[in-house]
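What follows is the residue order along each chain.
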Amino acid sequence: MTDLAATLAELARLRSGSEPIVSLYLDIRWNDEQQRERARGFFRERARSILGHYAAGAPGKPALARTLERGQALVEQLTAQTFEADRAGLALFACEGRGLWRPLFFARTFVDELCADGIPHLAQLARLADEERPAIVVVPSLEGADLFEVRLGEVDAEASVRGPVPRSEAEKLNAGAGQPRREYEREAKNERREEAWSRKARQAAAAEVTALFDRTEGARLVLVGTAQMTAAFARELPDRVQAAIVARVPRPPELGSSNGFRRAAIRALAQEVCRGALDGGERDVEAVVGEALRGGLGVVGPEDVVLAVNEGRVYALVVEEDFERHGYQCDNCGTLGSNVESAEICPFCAGDLRAVQNLREALVARTLSAGGRVAVVPRSSKLHSYRGVAAFLRQSAPTGLRGASPPWPTAPGASQS
Ligand SMILES: [Zn+2]
């Protein structure tokens, strides 16, 4: 399960017919029978309450009941198994009529949630995807660099980049005989040459890192080594890549050891650093509110965010984890509204309006399906004073040029160390 972004985009486009889509999130780190029973009980109770909302003859109810039964069976089956560390959280999206049955397991856990709605509930999954963005760990050396790509807590790929080798190692050692002064000159020359070679090696490695960075959406960069070595390497990177450096850390001793230990060390390092880079969404909130107040590419508050979502202009949605609000959606043109009471028919096409129980999930799905990103942040007083939601906007340029969007603000230029 590495391409979480693609899975999210695909799920975000799903709409139910008469039969709603079931979303389940479960913390499956059960240690004892009591916790297992609590999980089974949670599912049973929620499933009963969901079905209770449907009238006896409602279309889609029998199929929904079967989907929930299948979900219950999955939970029973999981509680019978022993706990595995790489299975801490379960996300399930299911709908019989859509032929949808997608259980996903993660090394990270979720807050228990079971619901049936017209759209899959993706906020928790989107949050995981955003917080666990891939990391590129670079260990520069005089000869080039070692690169590691870490995704969802696993080392996905590693590569070694070496610069061009000096024409002749002998040349370096050939400074034997000669007068002291000439020897000194030759040494100085050799030093300059070595510096030139290692600069070439750094440039080759930097080019490789840049290519990898451009292929890896939302990647963070971690540089490993001495302050001098990492600084020299960073100078060879273009600005956009430099801006994604989240930390420079000293080299852990396990790096020189065999494959398994080395990978474990890299994994631990990436995890520690990227957790440290999470700041409870403060940077996102600061940046989006600042952007909005400056009259730049940002909006705050449900009305303006909904408007931007309707226009497909949201580049990144920033929403509080406990943002709760109803809304409406036009059955005809799909327009979202943030205020149920104020409208009876769609203000754009006069179509029928349907209540949206969970506006947060509607905004998340619409943002993801339009290729935007979602940051779910803890409640903060700053965002809360704008009623818990804000968005970075794309440039409204009709050309749709890429690169017109503001940089994702969670990649600070500042180093952690
Ligand atoms: Zn409409």
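These lines cover the structure that appears in this document, whether it is placed above or below. Computed from a predicted model, the values in this text were never measured in an experiment. (Residues numbered from 1 in each chain as written. Predicted model: local features only at pLDDT ≥ 70, side-chain atom pairs only at ≥ 80, totals over all residues. Heavy atoms only, no water.)

**Quick look at the coordination of the zinc ion**
Distances from the zinc ion to its protein donors, Cys330 (SG), Cys333 (SG), Cys346 (SG) and Cys349 (SG), fall at 2.2 to 2.3 Å. Relative to the metal, the 4 donor atoms surrounding the zinc ion lie at angles of 99 to 116°, and the coordination shape comes out tetrahedral. As a motif over one chain, the donors of the zinc ion read C-x2-C-x12-C-x2-C. Taken as a pair, cysteine 330 in strand β12 (residues 327-330) and cysteine 349 in the loop between β13 (336-337) and β14 (353-356) lie far apart in primary sequence, 19 residues in all. Accessibility expressed as a relative area gives 2% for cysteine 330, which makes it buried. (Donors = N, O, S within 2.8 Å, 3.2 Å for Na, K, Ca; no water. Tetrahedral: all angles 85-135°; square planar, octahedral: opposite > 155°, others 65-115°. Helix = DSSP H or I, 4+ residues; strand = E, 2+ residues; numbered from the N terminus. Buried < 20%, exposed > 50% of the residue type's maximum accessible area, 1.4 Å probe, protein only.)

**Looking at the packing of helix α2 (residues 33-52) against helix α3 (residues 61-79)**
Two elements in contact, α2 and α3, have axes whose closest approach is 10 Å; the angle formed by their N-to-C orientations is 175°. Classified by the angle their axes make, α2 and α3 are roughly antiparallel. Residues Arg36, Ala39, Arg40, Phe43, Arg44, Ala47, Ile50 and Leu51 of α2 form the contact with α3, whose participating residues are Lys61, Leu64, Ala65, Leu68, Gly71, Gln72, Val75, Glu76 and Thr79. Grouping the amino acids of the contact of α2 with α3 by side-chain chemistry returns 9 nonpolar, 3 polar and 5 charged. (Axes fitted to C-alpha atoms, helices over the stretch in contact; angles between N-to-C directions. Parallel < 35°, antiparallel > 145°, perpendicular 65-115°, else oblique. Contact = heavy atoms within 4.5 Å. Nonpolar A, V, L, I, M, F, W, Y, C, P; charged D, E, K, R; others polar.)

**A look at the sheet that holds strand β10 (residues 298-300)**
Pairing between the strands of a sheet comes from backbone hydrogen bonds, and it takes one of two forms, parallel or antiparallel. Reading across the sheet, the 4 strands line up as β10-β16-β11-β15 and stay open at both edges, with mixed pairing between neighbours. With partners counted over all chains shown, the strands left at the sheet margins are β10 and β15 (373-377), one partner each. Strand-to-strand twist of the sheet, defined as the mean angle between neighbouring strand axes without regard to direction, takes the value 15°. With 5 bridges connecting them, strand β11 (residues 314-320) and β15 associate as parallel partners. Bridge pairing links valine 318 to alanine 375 in β15. This element, helix α12 (residues 359-369), spans β11, β15 and β16 (389-393) of the sheet and lies at about 155° to β11. (Pairing = 2+ DSSP bridges.)

**Let's talk about the environment of glutamate 113**
As for its placement among the helices and strands, glutamate 113 is situated in strand β4 (residues 113-117). Excluding residues within four positions of it along the chain, glutamate 113 makes contact with Ser23, Leu24, Tyr25, Phe42, His121, Gln124 and Glu361. Separated by 3.0 Å, the side chains of glutamate 113 and glutamine 124 make a polar contact. (Polar contact = N/O pair within 3.5 Å; in protein donor to acceptor, adjacent residues only side chain to side chain.)

**Considering the nonpolar core**
The nonpolar side chains of soluble globular proteins are, as a tendency, buried together. Phe93, Leu125, Leu317 and Leu363 are the most contacted members of the largest nonpolar core, which has 44 residues in total. Looking at this core element by element, the count peaks at 6 residues for α12. The two domains that each donate at least three residues to this core are domain 1 (4-131) and domain 3 (282-393). When residues no more than four places from it in sequence are discounted, the contact partners of leucine 125 are Leu4, Leu8, Leu11, Tyr25, Ala91, Phe93, Leu104, Phe106 and Phe110. In terms of nonpolar packing, the next biggest core, distinct from the first, is built from 19 residues, Ala145, Ala205, Ala219 and Phe233 among them. (Core = buried A, V, L, I, M, F, W, Y, C linked by side-chain atoms within 4.5 Å. Domains from an automatic or database assignment.)

**Digging into the sheet that holds β14**
As summarised here, the arrangement of the 3 strands in space is β13-β12-β14, forming an open sheet in which the pairing is antiparallel. Each edge of the sheet is formed by a strand with only one pairing partner; in this case those strands are β13 and β14. Across 4 bridges, the pairing between β12 and β14 is antiparallel. Bridge pairing in β14 links glutamine 329 to arginine 354.

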